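Chain by chain, the residues run as shown.
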Amino acid sequence: MGAKRRPGLPTEEDEMSRKRRIPPGQTVTDDFPVLHHGSVPEIDLATWRFRIFGRVEEPLEMTYDEFRSLPSVTQVSDFHCVTTWSRLDNRWEGVASKELMKRVRLKPEARFVMVHAAPDFTANLPLEDFLADGVLFAWAHDRKELTPEHGWPLRLVVPHLYAWKSAKWVTGLEFMAEDRPGFWERRGYHPHGDPWAEERYGV
Ligand SMILES: Nc1nc2c(c(=O)[nH]1)N[C@H]1C(S)=C(S)[C@@H](COP(=O)(O)O)O[C@H]1N2
Ligand SMILES: [Mo]
């Protein structure tokens, strides 16, 4: 059924659907650029902790082994950096935000989350964006363990927002009643960062 495929050659339909996945003003790259503020932190798994605090009934602290033993998923998604490169079909492996949140009881007023990461990095998200499909804490990319420069031992992936929300070297989550700007948001980036609406800078 449908159009005949010549193996290895993309059909016109493939090209069209690929184009539909590229937000306005973005250009696809096959590389995996490394982008962050500061230098790659040195992380010791023995002392690494993931902390959940703020507007929660009980704060939570997890070791790396505990985090890695949570039920994991593999998800393929696109990655859009505000500096205009997009990388399609990234295969991430890790723990879905929804899975992690089965272990957390939020206070009723919790509506936003501040993602905390090394070195001194933060990114804010509305709860519904944090809990969206495709959001996960990843330790592997394209079947390989993350490299230090891409966020090993753990990074957040929020594929439906610009990649500055996808904090590398995550260390915890702070649940908040009110929104507060994170690292880039304080420096002029948009508080939300939807690539389809080109929420790049300012409000
Ligand atoms: N901890 C931390 N995470 C970060 C950043 C950062 O400066 N510090 N930069 C973000 C930005 S702007 C982008 S585009 C992506 C890039 O991820 P990559 O280096 O794996 O491509 O990481 C995001 N995560
Ligand atoms: Mo970015």
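Nothing here was measured: the structure is a model prediction, and the numbers come from that model.

1. Focus on the overall build of the protein
Link 1 in the chain: Along the protein, the regular secondary structure elements total 5 helices and 11 strands.
Link 2 in the chain: Radius of gyration (C-alpha) of the protein: 18 Å, near the 17 Å computed for a compact globule of 203 residues.
Link 3 in the chain: Within the protein, the proportion of its 203 residues that are buried is 46%.
Link 4 in the chain: In the protein, the share of contacts with a sequence separation of at least 24, taken over all contacts with a separation of at least 6, comes to 68%.
Link 5 in the chain: Carbon and sulfur atoms form 51% of the exposed surface of the protein, whose accessible area is close to 10,900 Å².

2. A word on the layout of surface pockets
Link 1 in the chain: Space inside the largest pocket adds up to approximately 380 Å³.
Link 2 in the chain: Taken together, 25 residues make up the lining of the largest pocket; nearest its centre are L35, H36, A163, W164 and W184.
Link 3 in the chain: For the lining of the largest pocket, a count of residues per class yields 17 nonpolar, 5 polar and 3 charged.

3. Here's the deal with the sheet that holds strand β11 (residues 170–176)
Link 1 in the chain: If you trace the 5 strands from one edge of the open sheet to the other, you get β3-β2-β11-β6-β7, paired in mixed fashion. Since the sheet does not close on itself, it has two edges, and those belong to β3 (60–62) and β7 (121–126), each with one partner. Taking each pair of neighbouring strands and ignoring which way they run, the sheet shows an average axis angle of 15°.
Link 2 in the chain: Of the strand pairs in this sheet, strand β2 (residues 50–54) and β3 are connected by 3 bridges, and their pairing is antiparallel. Following the sheet pairing, R51 is matched in β3 by E61.

4. As for the environment of F183
Link 1 in the chain: Within the secondary structure, F183 sits in helix α5 (residues 183–186).
Link 2 in the chain: Separated by 60 residues in sequence, F183 and A123 have C-alpha atoms that sit 6.1 Å apart.
Link 3 in the chain: Not counting residues within four places of it along the chain, the set of residues in contact with F183 comprises H37, D120, F121 and T122.

5. Considering the nonpolar core
Link 1 in the chain: Counting residues in each nonpolar core, the largest one holds 34 residues, and the members touching the most others are F50, F67, L100, F130, F137, L173 and F175.
Link 2 in the chain: At the level of elements, β2, α2 (64–68), β6 (112–117), β7, α4 (127–130), β8 (136–141) and β11 are the ones that each hand at least two residues to this core.
Link 3 in the chain: Of all hydrophobic cores here, the second largest spans 10 residues; its members include C81, W85, A138 and L146.

6. Re the site of ligand 1
Link 1 in the chain: Around ligand 1, the structure places 20 residues, and the nearest of them are P33, H37, H150, R155 and K168.
Link 2 in the chain: In the environment of ligand 1, an oxygen atom lies 2.6 Å from a nitrogen or oxygen atom belonging to the backbone of P33.
Link 3 in the chain: One of the side-chain N or O atoms of K168 is found 2.5 Å from an oxygen atom in ligand 1.
Link 4 in the chain: The protein chains hide 99% of the 530 Å² of surface that ligand 1 would expose on its own.
Link 5 in the chain: A majority-of-atoms criterion places ligand 1 in the largest pocket.
Link 6 in the chain: Counted by class, the shell around ligand 1 contains 14 nonpolar, 4 polar and 2 charged residues.

The rules we used
- Residues numbered from 1 in each chain as written.
- Chains lettered and ligands numbered in written order.
- Predicted model: local features only at pLDDT ≥ 70, side-chain atom pairs only at ≥ 80, totals over all residues.
- Heavy atoms only, no water.
- Helix = DSSP H or I, 4+ residues; strand = E, 2+ residues; numbered from the N terminus.
- Rg over C-alpha atoms; globule rule 2.2 N^0.38 Å.
- Buried < 20%, exposed > 50% of the residue type's maximum accessible area, 1.4 Å probe, protein only.
- Contact = heavy atoms within 4.5 Å.
- Areas by Shrake-Rupley, 256 points an atom, 1.4 Å probe, with all protein chains shown as cover.
- 1 Å grid on protein atoms, 1.4 Å probe; cavity = no way out; pocket = protein on both sides within 12 Å on 5 of 7 lines; lining within 4 Å.
- Points joined across faces, edges and corners; volume = space filled by probe spheres on them.
- Nonpolar A, V, L, I, M, F, W, Y, C, P; charged D, E, K, R; others polar.
- Pairing = 2+ DSSP bridges.
- Axes fitted to C-alpha atoms, helices over the stretch in contact; angles between N-to-C directions.
- Core = buried A, V, L, I, M, F, W, Y, C linked by side-chain atoms within 4.5 Å.
- Near = heavy atom within 4 Å.
- Polar contact = N/O pair within 3.5 Å; in protein donor to acceptor, adjacent residues only side chain to side chain.
- Sits in = over half its atoms within 2 Å of the grid points.

Read these as layout, nothing more, since geometry by itself doesn't imply function.
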